Amino acid sequence: MAILLGLVVVVSPPPVAASSDLPPGSEDDLARLYYRLLLENTRFQESTWNEDEGSYGVENWDVVGTLGNAVLLKFGTYDETIAGVDKETLRDHTVRSIAKAVARNRFVDPEQGTWGARVYWDATMEAYLADAAHLMWDELDATTRENVLTMIRGEATYLADVGADPTDPSREGGTTNGLAGGYLRDTKMEEMGARTMMLSAADAYLPGDPDAPRWREWLDRWTLNMAGLPVADQVNPTPISGTPVSEWNTAHNIFDTYTSENHDTWNGMYQQSASAYPGRNIPRYLLTGRPIPPSQLTPPNNDELTDVLNRLGTRAGVPVEHMIADRQHLYGRSLLPLTYRATVTGDRMAARAERMLAEHLVPYVAAPPVGRLVKFGQGTQYETEARAELAYAYLLHYWRHRLAGDVRPVSEREYFRLASGVSDFGEVPGHVAHQTEHALAIPVSKPGYAKFVYLPNHDDWFVNPASKSPSFLPSVATPDSFTVRTYTKTRDGVDATASVVRRGTSYAGFTTLPDGSVVYATTGTGEDEGYLRLFNLSIPGIPGLDGDRTFTTASGQVTLPRDDLGNGGTQTLTFPATTVRHLRMVGVQAQSQWGYSMYEFEAYGPDSDVNLALAKPATASSFYGEASTPDKAVDGDPTTRWANSADERPTMRAWWAVDLGAEVEVARVRIRWQEDAWPLNYRIEGSVDGETWTTLATVPRWTTLDGDWLNVDGRAGFVIKGSTNPIGVAPEAVALSHGPAAGAAGMVVRGYPAQTPDETARLARQPQPSGGPSTLRAALNGEYLSLFNLSDDPIDKAALTVPQEGATRTLYRGVQRLTPDGLTYTVSLPAASAAVEPPRFTLTSSRRVSGLTVEVADSHTVVIHHEGSERAVVRLTSLATGERRTVSVAPGEVTTVGFAKGVRTPTTDLARGRLTYPGSPLPAGMTDPDLAVDGDPDTAWRPGGPDRSLVVNLAGRHRVRAVTPVWTSGSVPPYTVETSVDGVTWQGWTPGAEAHYLAIRVPSWRPSHASLAELRVTGE
């Protein structure tokens, strides 16, 4: 027995498996690919070798890459020409690094240790190292082996001893808030997951230790609370490791829409943590041949969290990062969660997403810097961890037959079909996802990130929506109001969204449509309306990344190569020599929430290297404390900087100016921006008097084009009506109305996924709706009608002309008068609102009849008013079901036509199509609770056992007037109805009670009982 850091450490036998007795397995095609990528990444790993230390970097975590080394050494066919190092050298470096690292671990050397004994994030790195050691076990010396066991036992025992109540913050580095967790601003999902890795290492490698039961208990508890959601978990009786989910659950780590936040924004990489941690843990059990704990196989709510990732999925298989910037395109860190879902749970959607990502990884890794698994971020902090996770992905595939076996992925087309739909993640998360088979669109209302994200073709390498990148709206600054209306096929007969933003007296609207197209309408909210930031890189093998962008309009075509302006770092802007005394940087749009910060601003005359701005007087719109005053940008010190104030940063606007002391000729400026605080869009202006300013250079460097349509690379088309500004294009940006806000005051843009320039030109010629007040904007994309009220006054019964050709008329919900050229459609819209009207019916007559007014009440009811002079015989066809009715209407008659097929939409039923609980894994015998609110009478929720509950999220607080359960044939089981406003505290329902959640409780049940076919909830 030994004493270590105040812990009692029991020396137990060696681990249950060593590298010489690895369980059998086999490579599949993805395992072979991952092995190849590990080989290609080995040159980077070797670049971290320190010959003087005799190790890869330890304290900076380079050493965790030894897990990738160990996989290369113990599996597959090693190729030193790819790896750049011979196998024996790699073996030597791996063994020496493991020995060096564990010897310096604080559990091994409490006095002189330099790392470890800290949960965040040392324990994670300890686990990677422990796995590398066990793969290399028979090549480690006895001292190193014992040190590895000491490290594992020490960390796991600490975690079990302190449980959820650590008393030494210095040992933590972060907090889980005990077992309560947290979901606002920063989910505690990852903090809980981090505690599982060394617990699972001890559980797998030291099963005979006296502390093993405690390690397993805390492994289960932390894992099963990672995605804790009380409203779902408290009604989930599924036993995991012998205890119901409802008893395990104490944490609240995700929103009730199964989404999460980190750093106060959506962050898909953090949501993937729910799968990443069990994906890291399971290989230990495969390595040792031990049974995998059930908690690692079926963590609660994992299916639903994955569904959200798919709803936000891209063609690279990863979710879009449309808020936070420093997790975008970190492909090497996004793989393992998909591998876990595919190989462990058998998820065919994840299997497709994994393959889409694998297809991107090959050219991604081959691109400069060659061999890197994580690019486009600051530093290399994620690189060796990505290498370790790639090694885990290899092992999961290698031992897949002990998991879900060979999983057949859905096709890419089927993936996006199944992922399609609309999800409103709630007011605090502040975004709505509309996934379609052809594009992804996301209205973002999160303060400081206001934008209308559009990814045609699900392409995460085309439009760049990350962080503060504007999208359609010219600025992400928080608007005065932002309203989003969502439509779902189950409730409304269509998947769509309709949004309106107000900034002062200016408005902009955005609709997203089921065919993947969008509409943007504006009264002019700012300079450069219809702004889209583009990627422009050269990565052969990734479609569209060939180093330039081609822009086609009616007036011609221009191809612009990448120029790197607007990407931070040191930027030099040249312009014709101009005589000025004053220079000014005007920030239009910052890249991040940190605003603008310059280390140095330099100015030069033609053919001169003399810095004219050095030590000259400087001023600014604001500054961030005395350490960041304007003069710091011209003091010649590369370590000091000017930064604008925290109060000014949310506006995205700022200026900084320097007085050169006299009139001089200036031909270029050089700016060195701070690493995380630079502008995407800014101007350099000059003045002789400090009063009248002239633009000398802009970023982006715009090229103006004429015309009313724009096609970008054949990857997207935009039709622009009502703008008096030209179109602006740059290597990495588009402004569909390039110029002042006033020039976009009447603009309506229709956006489409991949199409040829000829197709965009054809769409530009299509007639569009007209009429009504100037504040009413409308657009037809195909037959989908988008309507906008861009004002603070309601629109009441405005007449909108909707052009249609031929004898058949397409009908929309509401009132429309048939005309020879289409419809006169009656529009009523609340102030500052938008709507989407899908085509509901077609009306065909054998001969043209005048005087018909048709009111479509819903998908089942059409009322025809005949004010003409001749009998009309018309055929109505439901576009939702194909059901037809032929009716004869006499002059002066009002005829109501009913349709029976399909679900009636839209509905006022508060429950239809809403989220339900419990989530995964469902208890034995229970069918999906969604089946009670899907509007289909042929599907039903079956409780499957006693003391079962169904909870429906009513998507906000409502006064519930009536609850109508509709049961299938058979004896109705006893049940009660309860309501809750917080999902935790419940009471019996009474008419008029306020509720956010409503539950059907079934205390006793037998197989002969009826199932719940439909739950109808009526509000007041």
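Every value quoted in this text rests on a predicted model; they were computed, and no experiment measured them.

What follows concerns the pattern of salt bridges. According to the stated counting rule, one finds 49 salt bridges in the structure shown. Ionic pairing is found between Arg153 and Asp209, a salt bridge with its closest N-O pair at 3.0 Å. Residue Arg153 is located in helix H6 (residues 142–162), and its partner Asp209 is located in the loop between helix H7 (189–205) and helix H8 (212–225); the two are separated by 56 residues in the primary sequence. Note on accessibility: Arg153 and Asp209 belong to one class, buried. Taken together, the shared-partner salt bridges in this structure form one network comprising Lys74, Glu88, Arg91, Asp138 and Glu139.

Next up on the list: the domain arrangement of the chain. In terms of domain boundaries, the chain breaks down into domain 1 (41–416), domain 2 (421–557 + 704–765), domain 3 (570–696), domain 4 (798–898) and domain 5 (916–1019). Summarising the inter-unit geometry, the C-alpha centres of domain 2 and domain 3 are found 31 Å apart. Domain 2 puts 14 residues into the contact, and the matching count from domain 3 is 12 residues. Looking only at domain 2, the three residues that lose the most surface to domain 3 are Lys468, Glu527 and Arg533, adding up to 45% of its buried area. For the pair domain 2 and domain 3, the interface holds one salt bridge.

A few words now on the UniProt feature "domain: F5/8 type C" (unreviewed entry) in the chain. The positions that UniProt labels "domain: F5/8 type C" (unreviewed entry) are, in the present scheme, residues 598–708. Taken end to end, residues 598–708 is 0% helix and 45% strand, and its two terminal C-alpha atoms sit 38 Å from one another.

Turning to the sheet that holds strand S35 (residues 809–811), a few remarks are in order. Taken in spatial order, the four strands line up as S35-S39-S42-S43 in an open sheet, and their pairing is antiparallel. The open sheet has two free edges, formed respectively by S35 and strand S43 (884–889), since each of these has just one partner strand. The sheet shows a mean angle of 25° between the axes of neighbouring strands, direction not considered. By the bridge criterion, three bridges tie S35 to strand S39 (residues 841–845) in an arrangement that is antiparallel. Considered in S39, the bridge of Thr810 is made with Thr842.

Strand order in the open sheet formed by five strands is S11-S16-S30-S29-S26, with antiparallel pairing between adjacent strands. What marks the edges here is a single partner per strand, and that holds for strand S11 (471–472) and strand S26 (703–705).

In this section: empty space enclosed by the protein. Tallied over the entire structure, the rule returns six cavities of 30 Å³ or more. Volume-wise, the largest cavity comes out at about 130 Å³. Contributing to the lining of the largest cavity are 14 residues, with Val318, Pro319, Glu321, Gln328 and His329 lying nearest its centre. Residue composition of the lining of the largest cavity, by class: six nonpolar, five polar and three charged.

Here the focus is the packing of helix H2 (residues 66–74) against helix H4 (residues 87–103). Contact geometry for H2 and H4: axes closest at 10 Å, N-to-C directions at 135°. Between H2 and H4, the angle falls in the class oblique. In the crossing of H2 with H4, the sense of the turn from one axis to the other is left-handed. Along the contact surface, H2 presents Thr66, Asn69, Leu72, Leu73 and Lys74, while H4 presents Lys87, Leu90, Arg91, Thr94, Ser97 and Ile98. Here the contact of H2 with H4 is built from residues that sort into four nonpolar, four polar and three charged.

Residues Tyr34, Ile152, Tyr394, Trp461 and Tyr917 are the most contacted members of the largest nonpolar core, which totals 149 residues. For this core, the leading source of residues is helix H5 (residues 119–135), giving 11 residues. Among residues more than four places away in sequence, those in contact with Tyr394 are Glu27, Ala31, Tyr34, Tyr35, Val71, Phe75 and Gly76. With 48 residues, the next largest nonpolar core counts Val494, Ala778, Leu787 and Val827 among its residues.

Note on placement: Ser737 falls in strand S30 (residues 733–737). Apart from residues no more than four positions distant in its own chain, Ser737 is found in contact with Asp528, Glu529, Ser723, Asn725, Pro726, Gly743, Ala744 and Met747.

The next point concerns H5. With 17 residues, H5 should reach 24 Å at 1.5 Å per residue; the first-to-last C-alpha distance of 23 Å fits that figure. Counted residue by residue, H5 has 16 buried out of 17 residues, so it is predominantly covered.

For the pair helix H16 (residues 348–366) and helix H18 (residues 412–419), the least separation of the axes is 10 Å and the interaxial angle reads 125°. As the angle between them shows, H16 and H18 are arranged oblique. Read as a crossing pair, H16 and H18 show a hand that is left-handed. When H16 is examined against H18, the residues Met349, Arg352, Ala353 and Met356 are found in contact with a partner set consisting of Glu412, Tyr415, Phe416, Leu418 and Ala419. In terms of residue class, the contact of H16 with H18 is made up of seven nonpolar, no polar and two charged.

Here is what the cut-offs are and how they apply
Residues numbered from 1 in each chain as written. Predicted model: local features only at pLDDT ≥ 70, side-chain atom pairs only at ≥ 80, totals over all residues. Heavy atoms only, no water. Salt bridge = Lys/Arg side-chain N within 4 Å of Asp/Glu carboxyl O. Helix = DSSP H or I, 4+ residues; strand = E, 2+ residues; numbered from the N terminus. Buried < 20%, exposed > 50% of the residue type's maximum accessible area, 1.4 Å probe, protein only. Domains from an automatic or database assignment. Contact = heavy atoms within 4.5 Å. Buried area = accessible area lost by both parts, 1.4 Å probe. UniProt positions renumbered as here; feature names shortened; annotations may be inferred. Pairing = 2+ DSSP bridges. Axes fitted to C-alpha atoms, helices over the stretch in contact; angles between N-to-C directions. 1 Å grid on protein atoms, 1.4 Å probe; cavity = no way out; pocket = protein on both sides within 12 Å on 5 of 7 lines; lining within 4 Å. Points joined across faces, edges and corners; volume = space filled by probe spheres on them. Nonpolar A, V, L, I, M, F, W, Y, C, P; charged D, E, K, R; others polar. Parallel < 35°, antiparallel > 145°, perpendicular 65-115°, else oblique. Left-handed = near helix turned anticlockwise from the far one by under 90°. Core = buried A, V, L, I, M, F, W, Y, C linked by side-chain atoms within 4.5 Å. Expected span 1.5 Å × (residues − 1).

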